[in-house]
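Take a look at the letters that make up each chain.
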Amino acid sequence: MRPVALLLLSAAAALAGCSDGLRDPDVVRSGAEADLQPGYFATGARITQTGPDGAPRYRIAADRVDQDAGSGSIQLTQPRFDLATERGNWRVSAARGDLPQDASQIDLRGDVLLASQVGPRREPIEIRTASLHFEPQAGRARSRERVTITLAGKTLAGTGLDANLKAQTVRLESDVNGRFLP
């Protein structure tokens, strides 16, 4: 145990010596070095976006959150959140996501899933695509990718999506194909 502790202390002393050189005002830094400011990261994080009245607009849970200190943008790993509407709730998840500093939109990519229950019989609906541009305030979701919609055993696929989750309307843009099983 003692050699490990000594090794760690030696490594810490070496790093401290190196970092003193970085703080030396006589050392000229390149533009790239100056731009490499650390942001923050968190694991098992939750982000709450509030409106002007302080009420939560939406809450995002993510396995990992990384902020770019220069732009203030946030990268999300395994983001998931719920959007509550007057007609029901939508669950949204993806492999990755990007959130700008003002949190006005979320760009999702990698196995994007929107799920809810719709209609008077509360039938489950799933919308899947590779990437999605989402505007939480408006409840709008858009994609230029291939999209598959599954509703009560029926499948509809197309390219491009324009969805208003608050109004529960979905429009596929082109190349639409469907499969309806009894």
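That block above? That's the structure.
Below, the structure is looked at part by part. (Residues numbered from 1 in each chain as written. Predicted model: local features only at pLDDT ≥ 70, side-chain atom pairs only at ≥ 80, totals over all residues. Heavy atoms only, no water.)

**Comments concerning the pairing of strand S5 (residues 88–93)**
Item 1. Here strand S4 (residues 80–85) runs beside S5; their pairing, made up of 6 bridges, is antiparallel. Paired with Arg80 across the bridge in S5 is Ser93.
Item 2. Adjacent in sequence and paired antiparallel, S4 and S5 are bridged by 2 residues.
Item 3. As paired elements, S5 and strand S7 (residues 106–118) share 3 bridges and run antiparallel to each other. Each bridged residue has a counterpart across the sheet, and for Arg91 the counterpart in S7 is Ala115. (Pairing = 2+ DSSP bridges. Helix = DSSP H or I, 4+ residues; strand = E, 2+ residues; numbered from the N terminus.)

**Description of the nonpolar core**
A general trend in soluble globular proteins is that nonpolar side chains are found buried together.
Item 1. By size, the foremost hydrophobic cluster in this structure holds 31 residues, and its most contacted members are Ile60, Trp90, Leu99, Ile106, Leu108 and Leu114.
Item 2. No other element matches the 5 residues that S7 contributes to this core.
Item 3. The residues contacting Leu99, other than those within four sequence positions of it, are Ile47, Tyr58, Ile60, Ser73, Ile74, Gln105 and Ile106. (Core = buried A, V, L, I, M, F, W, Y, C linked by side-chain atoms within 4.5 Å. Buried < 20%, exposed > 50% of the residue type's maximum accessible area, 1.4 Å probe, protein only. Contact = heavy atoms within 4.5 Å.)

**What to know about the side chain of Thr129**
Item 1. Structurally, the position occupied by Thr129 is in strand S8 (residues 123–135).
Item 2. A relative accessible area of 6% places Thr129 in the buried class.
Item 3. A polar contact is formed between the side chain of Thr129 and the backbone oxygen of Arg146, at a distance of 2.9 Å.
Item 4. Ignoring sequence-local partners within four residues, the contact set of Thr129 consists of Asp111, Val112, Ser143, Glu145, Arg146 and Val147. (Polar contact = N/O pair within 3.5 Å; in protein donor to acceptor, adjacent residues only side chain to side chain.)

**Some words on the side chain of Ser116**
Item 1. Mapping Ser116 onto the fold places it in strand S7.
Item 2. Within polar-contact distance, the side chain of Ser116 engages the backbone oxygen of Asn89 at 2.7 Å.
Item 3. Excluding anything up to four places from it in sequence, Ser116 contacts Asn89, Trp90, Glu123, Pro124, Ile125 and Gln168.

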